[in-house]
Amino acid sequence: MAKAIMVQGTMSNVGKSLITAGLCRIFKQDGYKVAPFKSQNMALNSFITEEGMEMGRAQVMQAEAAGIAPDVRMNPILLKPTNDVGSQVIVNGEVLGTMSARDYFAFKHKLVPDVMKAFCELSAENDIIVIEGAGSPAEVNLKDEDIVNMGMAKMAKAPVLLVGDIDRGGVFAQLIGTVSLLEEDEQKMVKGLIINKFRGDKTILDPGIAILEEKSGIDVVGVAPYLHIDVEDEDSLSERLEFCGNGNAATLIDIAVIRLPRISNFTDLNVMETIPGVSVRYVKNLQELKDPDMIVLPGSKNTISDLLWMRQNGLEAALLKQAGAGKVIFGICGGFQMLGEALADPMGIETSGEVRGMGLLPIDTVFLEKKTRSRVTGSFLTEGTLFDSLKDRKLEAEGYEIHMGQSTLKAGAKHLLTLTDAVTGQTKQDGAYKGNIFGSYVHGIFDGAGIGQAIIQALADKKGVQMGDMGSMTYAEYKETQYDLLADSLREYLDIDKIYRILEAGIDE
């Protein structure tokens, strides 16, 4: 069975996912078979495995760092919020149902066997499991039914590294306060403290570290700097979503992504951020929209609600005006559905009834109970459009579908892609385009080799600007460089030898 170590945090967004990914990469580089694990994840950023199972995107990123294929066992429970008090509950990659927070809290102990089955199977196949916690282990109102922080650490018999975020301030109170709220047996399981996102001269911090170790009785195993590493983010707390300005003087092509209240799978645009001269902005009001070269409507966990939000705040009217002026509009998944003429929800999947779409594509969408989940590859059908080169160069899209609705094309629209299902081998057509309006259900549609560059070049030609060298590195190759950079940085700033000793020693039974 594998050795296990767990990364917990004093709160959300302190860097647990990044530290976990970095440790996975380090252990891989050192010759170990390693896998990430998170028993319960709450995020709208999800992924479909080769087997058609749904899991959290953070564990996909960590699996890539570990050099292995994503496996739904790495994230047996995924919660996808549908509103402020309820979530879709996904167990072992399949939808179990939608529950209120209170109902799920009362139910989740029944999922412990699923969690432990997934963990034990991964443990039998690997040398090391790096477990990620969620939120904070010191949420005393939730501790009795905890299956993701100290509850998981106990089930896995995993020593814990506790991460605090100094960038938010109060890191000493974060760490000492969190430890003090744990039970005595839980405190003994915390074997190392990590101060994350530090900026400045570490020697100024040293007196505080001495006091922290004295008061907590736990060694500080590293002070990690504020790392500028470009890996995929877990959820809508992502700092990249805060970029709404366009102050980069080198920007030649400006892409505006509508930051929907229930935005999902925003990682679809990450590849564009790697291309020199391209700005990707996330905007949530008219003032931020400005005059981009392309507007993207991303995925949404509540398409109808997010469409009505755009209708109420004026963004829909602005997009219609931009579309009429020839601006390129690209919708992905829920964003694709919004571009159509009508969205019907006869079964109350999101909200009962029917609403008018934006009317930019002649399609109608009906929401159904069964979720479409599939890995796909595809070829573009874009002849005669701005994006001719996607078809002419025979560029291959690769991604995944994950949606509740089915869309039907009407007169005047053409399909955007021909897709092949990775599991069944069946082919079908996807998406639609008409003039300057494009839409697809495929997440990751821009990630394939050459696709992002071809789209940017087409936008540059339309605008009459010279892009210069956009590089030949694929997005997959780019991500590999970032995982190596992350590992190199953590090796420099964390005491990896001590972490290995913690891993080897485990916890006292």
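What comes next concerns the included structure. (Residues numbered from 1 in each chain as written. Predicted model: local features only at pLDDT ≥ 70, side-chain atom pairs only at ≥ 80, totals over all residues. Heavy atoms only, no water.)

Side note on the sheet that holds strand β11 (residues 190-198)
- Read from one edge to the other, the open sheet built from six strands follows the order β2-β9-β1-β10-β11-β12, with strand pairing classed as parallel. The open sheet has two edge strands, β2 (34-37) and β12 (220-225), and neither has a second partner. Put simply, the sheet's adjacent strands are angled 20° from each other on average, direction ignored.
- One ladder, built from four bridges, connects β2 with strand β9 (residues 128-132); its direction is parallel. Residue P36 lies in a different strand from β9, and its bridge partner there is V130.
- Against the sheet, helix α1 (residues 16-29) engages β1 (3-9), β2, β9, β10 (160-165) and β11, with an angle of about 170° to β9.
- Taken strand by strand, helix α4 (residues 112-125) contacts β1, β2 and β9, and its axis lies near 165° from that of β2. (Pairing = 2+ DSSP bridges. Helix = DSSP H or I, 4+ residues; strand = E, 2+ residues; numbered from the N terminus. Axes fitted to C-alpha atoms, helices over the stretch in contact; angles between N-to-C directions. Contact = heavy atoms within 4.5 Å.)

Re the packing of aromatic side chains
- This model, assessed by the stated rule, comprises ten aromatic pairs.
- A centroid spacing of 6.0 Å and a plane angle of 40° characterise the contact between Y32 and Y500, whose relative ring orientation is tilted. Placement of Y32 in the loop between α1 and β2 and of Y500 in helix α17 (residues 496-505) is noted, with a sequence separation of 468 residues between them.
- A residue is classified by how much of its surface remains accessible, and Y500, at 19% relative accessible area, is buried.
- Note on F336 and Y441: the rings are 5.1 Å apart at their centroids and 85° apart in plane angle, and the pair reads as edge-to-face. On the criterion of sequence distance, the pair formed by F336 in helix α13 (residues 334-338) and Y441 in the loop between β26 (437-440) and α15 (451-463) is long-range, its members being 105 residues apart.
- The buried category is assigned to Y441, whose relative accessible area is 5%. (Phe/Tyr/Trp six-rings, centres within 6.5 Å; stacked < 30°, edge-to-face > 60°. Buried < 20%, exposed > 50% of the residue type's maximum accessible area, 1.4 Å probe, protein only.)

A few points about the layout of surface pockets
- In this structure, the second largest pocket spans a volume of roughly 550 Å³.
- The wall of the second largest pocket is formed by 25 residues, among which E64, R375, E398, A476 and K479 lie closest to the centre.
- Going through the elements one at a time, β4 (46-48), α2 (57-66), β22 (396-409) and α16 (475-493) are the ones with two or more residues in the lining of the second largest pocket.
- At five residues, the largest contribution of residues to the lining of the second largest pocket is made by α16.
- Considered class by class, the residues forming the lining of the second largest pocket number ten nonpolar, six polar and nine charged. (1 Å grid on protein atoms, 1.4 Å probe; cavity = no way out; pocket = protein on both sides within 12 Å on 5 of 7 lines; lining within 4 Å. Points joined across faces, edges and corners; volume = space filled by probe spheres on them. Nonpolar A, V, L, I, M, F, W, Y, C, P; charged D, E, K, R; others polar.)

What about the sheet that holds strand β15 (residues 278-283)?
- Read from one edge of the open sheet, six strands run β15-β13-β16-β18-β26-β25, paired in mixed fashion. Whereas interior strands pair on both sides, the edge strands pair on one side only; in this sheet they are β15 and β25 (432-434). Looking at each pair of strands side by side, their axes are set apart by 15° on average, direction ignored.
- With four bridges connecting them, strand β18 (residues 328-332) and β26 associate as parallel partners. Paired with G331 across the strands is G439, a residue of β26.
- Sheet strands in contact with helix α12 (residues 315-324) are β13 (253-258), β16 (294-297), β18 and β26, and its direction is about 135° off that of β16.
- On top of the sheet, α15 reaches β13, β15, β16 and β18; it is set at about 115° to β13, its chief contact.

A short note on the packing of α1 against α2
- Interhelical geometry of α1 versus α2 gives an angle of 20° and a closest axis separation of 7 Å. One finds that α1 runs roughly parallel with respect to α2. Note on packing geometry: the crossing formed by α1 with α2 is right-handed. Where α1 approaches α2, its residues S17, T20, A21, C24, R25 and K28 are matched on the opposing element by A58, M61, Q62, E64, A65 and A66.
- Partitioning the contact of α1 with α2 into residue classes produces six nonpolar, three polar and three charged. (Parallel < 35°, antiparallel > 145°, perpendicular 65-115°, else oblique. Left-handed = near helix turned anticlockwise from the far one by under 90°.)

Observations concerning the state of the cysteines
- In this structure the tally under the stated criterion is zero disulfides.
- Cysteine C24 is unpaired, with the sulfur of C120 as its nearest cysteine sulfur at 18 Å. (Disulfide = S-S within 2.5 Å.)

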